[in-house]
Amino acid sequence: MAKLAKLDDIVSLCKRRGFIFQSSEIYGGLASCYDYGPLGAELKRNVRQAWWKAVVQMRDDVVGLDCSILMHPMVWKSSGHADKFADLVTVCKKCNTRTRVDHLQDKTDGKGAEEHTEHVNIETEAAKEHNLSNKVCPACQTVGQFGPPMAFKLMFETQMGANADDQMTLYLRPETAQGIFANFRNVLDSTRVKVPFGIGQIGKSFRNEVTTKAFIFRTREFEQAELEFFCKPGTDEEWYEHWKAARFNWYLNLGIKKENLRFRDHDPDELAHYAKACVDVEYKFPFGQGDWQELEGIANRTDYDLRQHQRGMKTMNDWYETKGDLVNIKLKDEDPEYHKGPLSFFDEEAKERYIPYVIEPSAGIDRGTLAFLVDAYDEEEVKGETRSVLRFHPHLAPIKAAIFPLVKKDGMPEIATKLYNDLKGCFTTFYDEKGAVGRRYRRQDEAGTPYCLTIDGQTKEDNTVTVRERDSMEQSRVNIDQVKAYLREKLDL
RNA sequence: GCGGGUGUAGUUCAGUGGUAGAACACCAGCUUCCCAAGCUGGAUACGCCAGUUCGAUUCUGGUCACCCGCACCA
């Protein structure tokens, strides 16, 4: 049974406890932008860390990377984003609704609409004649009252360079993946990795979406954790299954309830042009119509990206000749011997060169963070009172342990402070001596702190402290000198 | 973007064309040897900008933001 029934409850909880705030709130807010508060920042950091540990640190076949957000514009020409990462839209003059041109239906036969299409190629699409006189507005059913088709660009633009002369239009990356492909050669040359291997990266991406809405599920600025796993063509389907299972289990191992998690395979006509297969890991958020929302997509990107960048590398003359006019640059045709190109891999065992295939698990860190938060939330009756508690997996808990003196006298605060100082270098800890101890326990329950350590009268007699466990509220005694080791073991850190 | 709704303290809600109220939460002190106890005291709010008015949190207009639905998107 969902404890948080509506989006409002979640937003309210996030604000009240300092997990997530509206960005620029003192100025009335900025649409689609959110800030992580003290607890949220810790939680999100732990989500990142858990991803990195599972996908990079614990794997012998994956290395990490941290690319710049701004990259050479040709990266986006080669990847297709400069041409295709846009929608051709038109506005209905009657009701002002904006609709994608390729989604409009004919009045007569209801045909002509392409469903689930990817972003269109703006160059060619804009050049085409678009006769919209027979098209129906999906919002108000008016026929043929459309303005001229316009490109709606999904990449944020910015300018680099102080002088007008040497200014260059750059784009905020719409995905972190391309930075990995652009560094494929560097990683190969510097790390002695061999296919099959992966490169993982966590970082911010930006997409100027037409609409956002729904709290932090679709924001224009968001954080991705992406792995590009390079493998020999022919083994790609195997690795696809491998990462499907690995990523699904990652969520389960971090405490997401199984009934709230599922796969959803993409229909063939829903696939991006480069993808051979794609599946979403979805979480059932407890609001709306019990909406299943994507947390992560796992795609088989084939050898598309590396091959495209090989074409891009050959096209640099055009880049200089057109003074960087991406629209008028045409990527050079692919070399017939492309599989021996600069982004190919020489397989020592098979004694052959090839462009590896890529399996890409791409997770939304913000969505994941919220899913963990929502999934951990619980309310229960304790002596007629409602106890609200966040049952985070210990790895994700923003605070690992809280240290209390039972009362603020008899030397207890001194011992507690000493313990706190001893622990804070190893764990995120919290010290509190205010008010009744029961209140302090409950406060930590709401923050999701798995353990509370209380210094009491007995501490001075036998050097033990009370360890109070969040989920069961049970207490046990541990020698003060063994607390650090005890927590390490319990928290599995 | 469209339609509908909302915006008062940290949260959930009252209320008024003339000094803005509660509950819980928070802070300080007292008390307190184990689960939101008690007592005393305290701080904090009418989203923003205009207009009407002697006076606007209240009326009007605009704007910003959020929620629901549609559309869009993954």
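All figures in this text were calculated on a predicted structure; none of them were measured in a lab. (Residues numbered from 1 in each chain as written. Chains lettered and ligands numbered in written order. Predicted model: local features only at pLDDT ≥ 70, side-chain atom pairs only at ≥ 80, totals over all residues. Heavy atoms only, no water.)

1. Considerations on the sheet that holds strand 14 (residues 277–284)
Move 1: Pairing within the open sheet is mixed, and its seven strands lie in the order 3-11-12-18-15-14-13. The open sheet has two edge strands with one neighbour each: strand 3 (62–65) and strand 13 (261–265). In this sheet, adjacent strand axes meet at a mean angle of 20° when their direction is disregarded.
Move 2: Two elements, strand 11 (residues 197–206) and strand 12 (residues 221–231), share ten bridges in a ladder whose sense is antiparallel. Directly across from Ser 205, in strand 12, lies its bridge partner Phe 222. (Pairing = 2+ DSSP bridges. Helix = DSSP H or I, 4+ residues; strand = E, 2+ residues; numbered from the N terminus. Axes fitted to C-alpha atoms, helices over the stretch in contact; angles between N-to-C directions.)

2. Some points on the pairing of strand 21 (residues 401–405)
Move 1: Among the five residues that make up strand 21, five are buried, leaving the element largely enclosed by the rest of the structure.
Move 2: Here strand 21 shows two buried faces, one formed by Ala 401, Ile 403 and Pro 405 and the other by Ala 402 and Phe 404.
Move 3: Strand direction decides the pairing type here: strand 21 and strand 22 (residues 429–431), joined by three bridges, are parallel. What sits directly across from Ala 401, in strand 22, is Thr 429.
Move 4: With helix 12 (residues 412–423) bridging strand 21 and the parallel strand 22, this β-α-β connection has right-handed handedness. (Buried < 20%, exposed > 50% of the residue type's maximum accessible area, 1.4 Å probe, protein only. Right-handed = clockwise from strand over helix to strand, strands pointing away.)

3. Description of the side chain of Ser 78
Move 1: Summarising the element assignment, Ser 78 is placed in helix 3 (residues 73–79).
Move 2: In this structure, Ser 78 is in contact with Gln 308, His 309, Gly 312 and Leu 331, ignoring residues within four places of it in sequence. (Contact = heavy atoms within 4.5 Å.)

4. Describing the environment of Tyr 420
Move 1: By the secondary structure assignment, Tyr 420 is in helix 12.
Move 2: Excluding residues within four positions of it along the chain, Tyr 420 makes contact with Ile 403, Thr 429, Phe 430 and Tyr 431.

5. Considerations on the side chain of Asp 61
Move 1: Among the secondary structure elements, Asp 61 is positioned in the loop between helix 2 (38–57) and strand 3.
Move 2: When its relative accessible area of 19% is taken as the criterion, Asp 61 is described as buried.
Move 3: At 2.9 Å, the side chain of Asp 61 forms a polar contact with the side chain of Arg 59.
Move 4: Setting aside chain neighbours within four positions, we find Asp 61 in contact with Pro 196, Phe 197, Gly 198, Phe 229 and Trp 239. (Polar contact = N/O pair within 3.5 Å; in protein donor to acceptor, adjacent residues only side chain to side chain.)

6. Digging into the packing of aromatic side chains
Move 1: This model, assessed by the stated rule, comprises 20 aromatic pairs.
Move 2: Seen from their ring centres, Phe 184 and Phe 230 are 4.6 Å apart, and the 45° between their planes marks the pair as tilted. Residue Phe 184 is found in helix 7 (residues 184–191), and its partner Phe 230 is found in strand 12; the two are separated by 46 residues along the sequence.
Move 3: For Phe 230, a relative accessible area of 0% gives the class buried.
Move 4: Three or more aromatic residues joined by ring pairs make a cluster, and in this case those are Phe 181, Phe 184, Phe 197 and Phe 230.
Move 5: Its guanidinium or amino end placed over the ring of Phe 404, Arg 440 lies 5.3 Å from that ring's centre, counting from NZ or CZ. (Phe/Tyr/Trp six-rings, centres within 6.5 Å; stacked < 30°, edge-to-face > 60°. Lys NZ or Arg CZ within 6 Å of the ring centre and 35° of its normal.)

7. Some remarks on helix 12
Move 1: Counted at 1.5 Å a residue, the expected span for helix 12 with its twelve residues is 16 Å, and the 17 Å between its end C-alpha atoms agrees.
Move 2: Contact partners of the buried residues in helix 12: strand 21, strand 22, strand 23 (451–455), helix 14 (457–462) and helix 15 (483–491). (Expected span 1.5 Å × (residues − 1).)

8. Some words on helix 13 (residues 437–447)
Move 1: If you check which residues of helix 13 are buried, you get Val 437, Arg 440, Tyr 441, Gln 444, Asp 445, Glu 446 and Ala 447.
Move 2: Directly after helix 13, the chain includes Gly 448, whose backbone phi takes a positive value near 85°.

9. Details of the environment of Tyr 357
Move 1: Position of Tyr 357 relative to the elements: it lies in strand 18 (residues 357–364).
Move 2: With 66 residues separating them in the primary sequence, Tyr 357 and Leu 423 have C-alpha atoms 46 Å apart.
Move 3: If near-sequence neighbours (up to four positions away) are discounted, Tyr 357 is found in contact with Phe 229, Phe 230, Cys 231, Pro 233, Asp 236, Lys 276, Asn 300, Thr 302 and Asp 303.

10. Considering the pattern of salt bridges
Two side chains of opposite charge can pair, provided their charged atoms sit close to one another.
Move 1: The final tally for this structure, using the stated rule, is 35 salt bridges.
Move 2: With a closest N to O distance of 2.7 Å, Glu 282 and Arg 262 form a salt bridge. Placement of the pair is Glu 282 in strand 14 and Arg 262 in strand 13, with a sequence separation of 20 residues.
Move 3: Residues joined by salt bridges that share partners form a network here, namely Asp 378, Glu 380, Arg 387, Arg 391, Asp 445, Arg 468, Arg 470 and Asp 471. (Salt bridge = Lys/Arg side-chain N within 4 Å of Asp/Glu carboxyl O.)

11. Points about unusual backbone geometry
Move 1: The amide bond that connects Val 195 to the next residue, Pro 196, takes the cis arrangement and shows omega of 5°.
Move 2: Summarising the element assignment, Pro 196 is placed in the loop between helix 7 and strand 11.
Move 3: With a phi close to 55°, Ser 24 is a non-glycine residue in the positive phi region.
Move 4: The residue Ser 24 is located in the loop between strand 1 (20–22) and strand 2 (34–36) in this model.
Move 5: At Lys 323, a residue that is not glycine, the phi angle is positive and equals roughly 55°.
Move 6: Take Lys 323: it is sitting in the loop between helix 10 (316–321) and strand 16 (345–347).
Move 7: Lys 323 sits in the exposed class, given a relative accessible area of 77%.

12. Focus: the nonpolar core
Move 1: Phe 19, Trp 51, Tyr 251 and Leu 370 are the most contacted members of the largest nonpolar core, which has 53 residues in total.
Move 2: Going through the elements one at a time, helix 1 (7–16), helix 2, strand 12, helix 8 (236–253), strand 14, strand 15 (292–302), strand 18 and helix 11 (365–376) are the ones with two or more residues in this core.
Move 3: Among all residues touching Trp 51, those that are not within four sequence positions of it are Val 56, Gly 200, Gln 201, Ile 202, Ala 225, Glu 226, Leu 227, Arg 247, Trp 250 and Ala 363.
Move 4: In terms of nonpolar packing, the next biggest core, distinct from the first, is built from 19 residues, Ala 177, Ile 180, Val 187 and Phe 230 among them. (Core = buried A, V, L, I, M, F, W, Y, C linked by side-chain atoms within 4.5 Å.)

13. Details of the state of the cysteines
Move 1: What the rule picks out here adds up to zero disulfides.
Move 2: No disulfide involves Cys 278; its sulfur sits 15 Å from that of Cys 231, the nearest cysteine.
Move 3: Summary of cysteine pairing: Cys 452 is not part of a disulfide, and the nearest cysteine sulfur, belonging to Cys 426, is at 18 Å.
Move 4: Here Cys 452 falls in the buried class, since its relative accessible area comes to 1%. (Disulfide = S-S within 2.5 Å.)

Worth remembering: the numbers are spatial, not functional.
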